[in-house]
Structures are given as structure tokens and as C-alpha cells.
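# Topology and contacts: notes
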Amino acid sequence: MPTAGSDPAIAAAAGALWRQYGEDAVVVATLRSAEEAAAGRLRESDHWLAVAALLEELSEPGSPQAQA
């Protein structure tokens, strides 16, 4: 699965979702992943799972971004 460190598109997608949906961004990314998987597009599904994971990581209480 791609990660934020290996794919700048993940960080960009996470930022865009956060700006548009705020705290609901993780849910949106997870739903997008499920939609892609249901359509058989597993690479795209993995992308959205990585976006959701990054958003969860950044929204954890101990995260420097969460404290900003």
C-alpha cells in the first residue's frame, strides 16, 4: 500500500479532504476506498486507505498537527 512518505499525492489528497470535510475527512477517505474496491480498482482503493490512515495519524491527540 502506498504511504504518505512514498507518494506525495496521498498527502495532497489528505490535505484537500481535511480542508473540505474537517473531522469527517477520515470517513470520506474510507468511503472512497470502499467504492473503489467495489468497482475492482484495488490500487485506487489502497490510495484512499493510505489517505485515511494519514488523516487518522494527524488527528491523534499527540500529533503535532493536532496541537496546532
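Going by the structure above, here's the rest.
Residues numbered from 1 in each chain as written. Predicted model: local features only at pLDDT ≥ 70, side-chain atom pairs only at ≥ 80, totals over all residues. Heavy atoms only, no water.

The next thing to look at is the overall build of the protein chain. Helix and strand content of the protein chain: 4 helices and 0 strands. Secondary structure elements in the protein chain, listed N-terminal to C-terminal, are α-α-α-α. By residue count, 31% of the 68 residues in the protein chain fall in the buried class. Intrachain contacts of the protein chain at a sequence separation of at least 6 include 51% that bridge at least 24 residues. Summed over all atoms, the accessible surface of the protein chain reaches about 4,400 Å², with 55% contributed by carbon and sulfur. (Helix = DSSP H or I, 4+ residues; strand = E, 2+ residues; numbered from the N terminus. Buried < 20%, exposed > 50% of the residue type's maximum accessible area, 1.4 Å probe, protein only. Contact = heavy atoms within 4.5 Å. Areas by Shrake-Rupley, 256 points an atom, 1.4 Å probe, with all protein chains shown as cover.)

Turning our attention to helix 3 (residues 42-59). With 18 residues, helix 3 extends 26 Å between its outermost C-alpha atoms, agreeing within 8% with the 26 Å of an ideal straight helix rising 1.5 Å per residue. Taken together, the buried positions of helix 3 are Ser45, His47, Trp48, Ala50, Val51, Ala52, Leu54 and Leu55. Those residues of helix 3 that are buried lie in contact with helix 1 (8-21) and helix 2 (25-38). (Expected span 1.5 Å × (residues − 1).)

Another point: the packing of aromatic side chains. Overall, the coordinates contain 0 aromatic pairs when judged by the stated rule. If you follow Arg32 out to its NZ or CZ, it ends over the ring of Trp48, 5.0 Å from the centre. (Phe/Tyr/Trp six-rings, centres within 6.5 Å; stacked < 30°, edge-to-face > 60°. Lys NZ or Arg CZ within 6 Å of the ring centre and 35° of its normal.)

Running from amino to carboxyl end, helix 1 crosses helix 2 at an angle of 125°, the nearest separation of the two axes being 8 Å. On the basis of their axis angle, the class for helix 1 and helix 2 is oblique. Helix 1 and helix 2 meet at a crossing whose hand is right-handed. Within the contact between the two elements, helix 1 uses Leu17, Trp18 and Tyr21 and helix 2 uses Ala25, Val28, Ala29 and Arg32. (Axes fitted to C-alpha atoms, helices over the stretch in contact; angles between N-to-C directions. Parallel < 35°, antiparallel > 145°, perpendicular 65-115°, else oblique. Left-handed = near helix turned anticlockwise from the far one by under 90°.)

Once that is clear, we can look at the environment of Ala13. Examined against the element boundaries, Ala13 turns out to sit in helix 1. Once the C-alpha coordinates of Ala13 and Leu54 are considered, the two residues, 41 residues apart in sequence, prove to be 10.0 Å apart. The residues touching Ala13, leaving out its near neighbours within four places in the chain, are His47, Trp48 and Val51.

In short, the description is geometric, and any link to function would need to be established separately.
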